[in-house]
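Each chain, written out:
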2 protein chains.
Amino acid sequence: MKIELAKGAGFCFGVKRAVNIALETVKQVNPPVYTIGPIIHNPQVVERLRQRGVIPIAEITDLPPGVVIIRSHGIRPDLLRQIKALGHKVVDATCPFVRRAQNYAEQLHREGFKTVIVGKKDHPEVEGLLGHCGPNAVVVYNGSDLKGLSGHRRIGVIAQTTTPFSQFQQVILRLLEKTEELRVYNTTCSSTEKRRKETANLAKRADIMIIAGGKNSANTSRLAELCRQIGTETHHIETAAELSPEWFEGKSLVGVSAGTSTPQWIIDEVINSLKTLNQKPKTRRGGSTHLWRQ
Amino acid sequence: MKIELAKGAGFCFGVKRAVNIALETVKQVNPPVYTIGPIIHNPQVVERLRQRGVIPIAEITDLPPGVVIIRSHGIRPDLLRQIKALGHKVVDATCPFVRRAQNYAEQLHREGFKTVIVGKKDHPEVEGLLGHCGPNAVVVYNGSDLKGLSGHRRIGVIAQTTTPFSQFQQVILRLLEKTEELRVYNTTCSSTEKRRKETANLAKRADIMIIAGGKNSANTSRLAELCRQIGTETHHIETAAELSPEWFEGKSLVGVSAGTSTPQWIIDEVINSLKTLNQKPKTRRGGSTHLWRQ
C-alpha cells in the first residue's frame, strides 16, 4: 500500500502566524491569555495551546482581565471596541488576508455598495466581515442564494478567504445579470485554491482519501466533500486514532490531505499510523515528538 | 409554409433615435448634412438618408462646412474636438447606452484601471470607446484573447453594447483569475440580448432562418451565426431581392429575424416576399409604401 500526501496540506500562512503569535504572547506575558472562540478550527491545536495558557472564552463579558488575542478569522469592529473599552490589552492575530477582505468590506460600505459576501453564514470570519460591511450586506453560499437580490445598481463582492474559487466564480456570473456595476474583490486565498487542486489531483488517482483536520473546520470539510464528489472513498478524521485498518483492505494508493488549520504533527501521526498498517494488522497509535513543528 | 417573425427584430432604441435625429436635422437646416462614416450599419437606410441629404463622409478632413451628425456608435473625443475646431456645427446622435459606456471608460481611465473592452476591435463603437479610455486599454473578443494580460492589480471591464452577454460573462470569468480588483460595468444592451434569445428560440423550431440586415452590421451577422450554431439553415440577406425560392422547398416553418439596424420596411418586404412564395413559384419583389415606418 502506497501512501501519498497532497502538496501544501496543513497549516496555511495565516494559521501558522496566529499560532505563533499565541505562543509568543504566552512567552512574553504571564499566562493565561484569552481568545474569543477557538484561535483556529482545530480542537487538538486549541487543546495544546490551552495547556500552555491560551484559553478560549465564548463571550466577551466572561473575559477575565488581561490579554486578549484576536483569532485568525478576525472579529467584528464593534466587538473589538467593546473588548478595548473593557480595559483588555489586545493582540491581533487576524490573518492579513482576512484583514484585506475586511478593508474592502469597509470601502464598499463607505461607497454605498450593496455588498455580497460569498461564504458560510455562521463562520466567524464571515461574521467578522459582516461587521465591517454595515447593515446592508448579505451572505450567499452559491449562485442559487441570489434569487431574492434585485434592484441594486451597484453591487460589491468579497469572499470568505477559504471559499473555493469556482464557487466564487459561480456567484459572480449570477450577479452580472443583476446589476449595472459590479465591483469584485477577489479575496479568495490562493493557497486554499492550490491545496484544493492538489487534493483533487491526488483523489483522482487514489483508492481512498484521508482528510485530516477539525470537524469544525469549513475548509477541511470542503476538502472531504471535494474528494467524495470525485467519487473516491473519503474519511474525514481529526486524529490518527480514528483510522480503521479495514478501510485499507485491498487498497493500493492511500491519499492524505489536510485543511488550513491542521498542524504538521497531526499529519505526521496519520502518515506514521498508515505506514504501520503496511506492517501490522492493527494500527499503532503514533506519538509526535515535535510539539510545535507546524 | 408558415412565416414567423422573432419578437423585437429590427431597429433598437439607439438606432431609431439616431435616424430620427438625422431626419429632424435635415428638416431644420439646409441639407446636405454630414455623418462621419455611415450613421448606422445598414446600406439601404444610409442610401435613403443620402437621398434626403444626409451624406456619409469617410474622413474629417473631407468634411464640407456645415452640420455634422455624430452617428449612433459615438466617436473618439479627439476627433470630436477636431470637428469642432474645424468650425462644424455638431449634432450628437450617439446612442445613450453607448454614451454611458463612454462615461464608464473615462471613469476607469481617471481612476487608473487597466481597461478591457469586450467587443470587436475594428467596430466604430469600440474605436470610440478606446478614445475615451486613454492609451492603456485593450480590446478582447473572448476569453482566449486574454492570454497576454497579467500583472494588473485593478482591471476594469466594459462591453461594446451589442456584445452577447454570454461572451461578456466568459471574459469576466477569465479576468477573475488575473486580478485582485475587478470592476465590471455591464454595458451590454438588454434589447440586443432579448433579441438574441427570441431569435434562438425561433431558430430551434424553424426549418430555415432568414436574418435581414446590413452585411456590415456586427450584431446582425452574430444573429445569423447564432442560428447556424443551433444547426438551422440560415441566410443573411440585406433585402428581399436576395431571397431564393428554392431555399424554401419542403420547409414548413420559416423564421425571420433582423439586427438592431434593420428598418421595419426591410422586414416588411421580406415577410411580404415570403408570403408570395406561398402563392407563386417565383418571388414578387415587394415595394414598401411607408418610407420611414421604422
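What you see is a predicted model; the values in this text were computed from it and never measured.

Section: the sheet that holds strand β4 (residues 67-70) of chain B
Residues and elements named next belong to chain B. Spatial ordering of the open sheet is given by β3-β2-β4-β5, a layout of four strands whose pairing is parallel. Single-partner strands in this sheet number two, and they are β3 (54-57) and β5 (89-92). On average, each strand axis in the sheet is tilted by 35 degrees relative to the strand beside it, whichever way the strands run. The pairing of strand β2 (residues 33-36) with β4 spans two bridges and is parallel. Residue pairing for β4: Y34 is matched across the bridge by V68. The strands touched by helix α1 (residues 13-28) within the sheet are β2, β3, β4 and β5, with β4 carrying the most contacts at an inclination of about 170 degrees.

A look at the domain arrangement of chain A
Residues and elements named next belong to chain A. The domains assigned to chain A are domain 1 (2-10 + 191-279), domain 2 (13-94) and domain 3 (97-188). Placing a centre on the C-alpha atoms of domain 1 and another on those of domain 3 gives a separation of 31 Å. Breaking the side of domain 1 that touches domain 3 down by element, the ones donating at least two residues are α7 (190-205) and α8 (218-230). Considered class by class, the residues forming the side of domain 1 that touches domain 3 number one nonpolar, three polar and three charged.

Describing the packing of helix α7 (residues 190-205) of chain B against helix α8 (residues 218-230) of chain B
Residues and elements named next belong to chain B. Packing of α7 against α8 brings their axes to within 9 Å, and their N-to-C directions diverge by 35 degrees. The handedness of the crossing between α7 and α8 comes out as right-handed. Contacts between α7 and α8 pair T192, R196, T199, A200, A203 and K204 from the former with N219, L223, L226, C227 and I230 from the latter. A breakdown of the residues in the contact of α7 with α8 according to their chemical character gives six nonpolar, three polar and two charged.

Concerning the interface of chain B and chain A
Counting residues at the interface gives 12 residues for chain B, matched by 12 residues for chain A. When residues of the side of chain B that touches chain A are traced back to their parent elements, those giving at least two are α6 (165-176) and β9 (181-185) of chain B. If you tally residues by element for the side of chain B that touches chain A, the top one is β9 of chain B, at five residues. The residue inventory of the side of chain B that touches chain A, partitioned by class, reads six nonpolar, three polar and three charged. Pairing of strand β9 (residues 181-185) of chain A with β9 of chain B involves five bridges; the strand directions are antiparallel. Paired with R183 of chain A across the bridge in β9 of chain B is R183 of chain B.

Focus: the relation of the copies chain B and chain A
Of the two same-sequence chains, chain B is brought onto chain A (RMSD 0.0 Å, axial shift 0.0 Å) by a rotation of 180 degrees. What the superposition gives is, in effect, a two-fold axis relating one chain to the other. Minimal C-alpha separation from the rotation axis in chain B is found for R183 of chain B, amounting to 2.2 Å. When the interface residues of chain B are mapped onto chain A, 100% of them again lie at the interface, so the same face is used by both copies.

So, unusual backbone geometry
The peptide bond linking P31 of chain A to P32 of chain A adopts the cis configuration, its omega dihedral lying at 5 degrees. With respect to the helices and strands, the residue P32 of chain A is situated in the loop between α1 (13-28) and β2 (33-36).

Concerning α6 of chain B
With 12 residues, α6 of chain B ought to run about 16 Å at 1.5 Å a step, and its terminal C-alpha atoms sit 17 Å apart, in line with that. Looking at the packing, one finds that the buried side of α6 of chain B touches α6 (165-176) of chain A together with β6 (114-118), β7 (138-140), β8 (154-159) and β9 of chain B.

What to know about the environment of D122 of chain A
All names here are of chain A. Looking at the element boundaries, D122 is found in the loop between β6 (114-118) and α5 (124-133). Residue classification places D122 among the exposed positions, given that 9 C-beta atoms sit within 10 Å. In this structure the C-alpha to C-alpha distance between D122 and I39, which are 83 residues apart in sequence, comes to 16 Å.

Description of the sheet that holds strand β1 (residues 2-5) of chain B
Residue and element names in this part refer to chain B. What the four strands build is an open sheet, ordered β1-β12-β10-β11; its pairing is parallel. Every interior strand has two partners, whereas the edge strands, β1 and β11 (233-237), have only one. Sheet twist, expressed as the average angle between the axes of neighbouring strands with direction ignored, equals 20 degrees. Across the sheet, α7 lies against β1, β10 (208-212) and β12 (253-258), angled at about 160 degrees from β12, the strand it touches most.

Conventions adopted
Residues numbered from 1 in each chain as written. Chains lettered and ligands numbered in written order. Predicted model: local features only at pLDDT ≥ 70, side-chain atom pairs only at ≥ 80, totals over all residues. Pairing = 2+ DSSP bridges. Helix = DSSP H or I, 4+ residues; strand = E, 2+ residues; numbered from the N terminus. Axes fitted to C-alpha atoms, helices over the stretch in contact; angles between N-to-C directions. Contact = placed C-beta atoms within 7 Å. Domains from an automatic or database assignment. Nonpolar A, V, L, I, M, F, W, Y, C, P; charged D, E, K, R; others polar. Left-handed = near helix turned anticlockwise from the far one by under 90°. Least-squares fit on C-alpha atoms with pLDDT ≥ 70 in both. Expected span 1.5 Å × (residues − 1). Buried ≥ 20, exposed ≤ 12 C-beta atoms within 10 Å, placed from the backbone.

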